[in-house]
Amino acid sequence: MNNPDLLQRLKNGEEAAFKELVTTHEVQVYNTALNIVHKPEDANDITQEVFVQAYTSLKDFKGEASLGTWLYKITINKSLDHRKKEMRKQRLHQVQSFLGMGSRENTGIISAEHPGFLLENKEEGTLLLKAIKKLPEKQELVFTLHKMNQLSYRDIADVLDLSLPAVESLMVRAKKNLQNILAIIYSQSKK
């Protein structure tokens, strides 16, 4: 639910209100970005971009959704845009490497730098992140928001502008696809 007082103070341009918004939601925004881009430094950049956009877009915020839901939407869009940019850079790098114009280092490494992974689970965490990243985009988002951000299906439906049955269906398919992907990954890692 929205805090009408905070929303009004934000729309009045009160600096203290914006600091309160950031303090209240920065962990949620950072964790959501990290769950999508998997790199802490990128998640930090995205978090800053989210709050800059929130600040500049406040005048357009109608209050139909909660501030948290609105920030989730901005975070997901910024994170997905970032991933698309990174994929384009990686493809360009691969072409340059193929043509002998660049180094052969891999810029698309997925690692388990996520704070939710214990040190002894880093290897399994990296495999899980690779598997999640192979899911279709909407399945990945639903799975990540539910399992890693602990959002309810109703909240996910609001954030992604989907119906509740659509979210439930995406989650069922994500789990099934994830089982298949992990089975393949584990069978290949035992060879």
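Residues numbered from 1 in each chain as written. Predicted model: local features only at pLDDT ≥ 70, side-chain atom pairs only at ≥ 80, totals over all residues. Heavy atoms only, no water.

**Concerning the packing of aromatic side chains**
- Applying the stated criterion across every chain, the model contains 3 aromatic pairs.
- Centroid distance phenylalanine 61 to tryptophan 70: 4.6 Å. Interplanar angle 35 degrees. Geometry classified as tilted.
- Under the relative-accessibility criterion, tryptophan 70 is labelled buried at 14%.
- Put simply, the rings of Phe18, Phe51 and Tyr55 touch in pairs and so form one group of aromatic residues. (Phe/Tyr/Trp six-rings, centres within 6.5 Å; stacked < 30°, edge-to-face > 60°. Buried < 20%, exposed > 50% of the residue type's maximum accessible area, 1.4 Å probe, protein only.)

**Topic: the packing of helix H6 (residues 137–148) against helix H8 (residues 164–189)**
- Running from N to C, H6 and H8 cross one another at 95 degrees; their axes reach a closest spacing of 8 Å. Looking at the two axes, H6 sits roughly perpendicular to H8. When H6 is examined against H8, the residues Lys138, Gln139, Val142, Phe143, His146 and Lys147 are found in contact with a partner set consisting of Val167, Leu170, Met171, Arg173, Ala174, Lys175, Asn177 and Leu178.
- A breakdown of the residues in the contact of H6 with H8 according to their chemical character gives 7 nonpolar, 3 polar and 4 charged. (Axes fitted to C-alpha atoms, helices over the stretch in contact; angles between N-to-C directions. Helix = DSSP H or I, 4+ residues; strand = E, 2+ residues; numbered from the N terminus. Parallel < 35°, antiparallel > 145°, perpendicular 65-115°, else oblique. Contact = heavy atoms within 4.5 Å. Nonpolar A, V, L, I, M, F, W, Y, C, P; charged D, E, K, R; others polar.)

**Digging into the side chain of threonine 32**
- Residue placement: threonine 32 occurs in helix H2 (residues 15–37).
- Classification of threonine 32 by relative accessible area gives buried; the value is 1%.
- If sequence neighbours within four positions are ignored, threonine 32 has contacts with Tyr72, Thr75, Ile76, Leu145 and Asn149.

**Some details on the confidence of the model for the protein chain**
- The share of residues in the protein chain with pLDDT of 70 or more is 80%, and the mean pLDDT across the chain is 83.
- Element-level mean pLDDT values for the protein chain span from 78 in helix H5 (residues 122–133) up to 94 in helix H3 (residues 40–57).
- Scored below 50 in pLDDT, residues 103–112 makes 22 contacts in the model with residues more than four places away or belonging to other chains. (pLDDT = per-residue confidence, 0-100.)

**Describing the pattern of salt bridges**
- Summed over the entire model, instances satisfying the criterion amount to 7 salt bridges.
- A salt bridge links lysine 73 to aspartate 161; its shortest N-O distance comes to 3.0 Å. In this pair, lysine 73 is assigned in helix H4 (residues 67–98) and aspartate 161 in the loop between helix H7 (153–160) and H8, connecting sequence segments 88 residues apart.
- Relative accessible area serves as the criterion here: at 24%, lysine 73 is assigned to the partly exposed category.
- Note on aspartate 161: relative accessible area 61%, which makes it exposed.
- For glutamate 140, the salt bridge is made with arginine 83, and the minimal N-O distance between the two is 2.5 Å. Placement of glutamate 140 in helix H6 and of arginine 83 in helix H4 is noted, with a sequence separation of 57 residues between them. Residues glutamate 140 and arginine 83 agree in their burial class; the two are buried. (Salt bridge = Lys/Arg side-chain N within 4 Å of Asp/Glu carboxyl O.)

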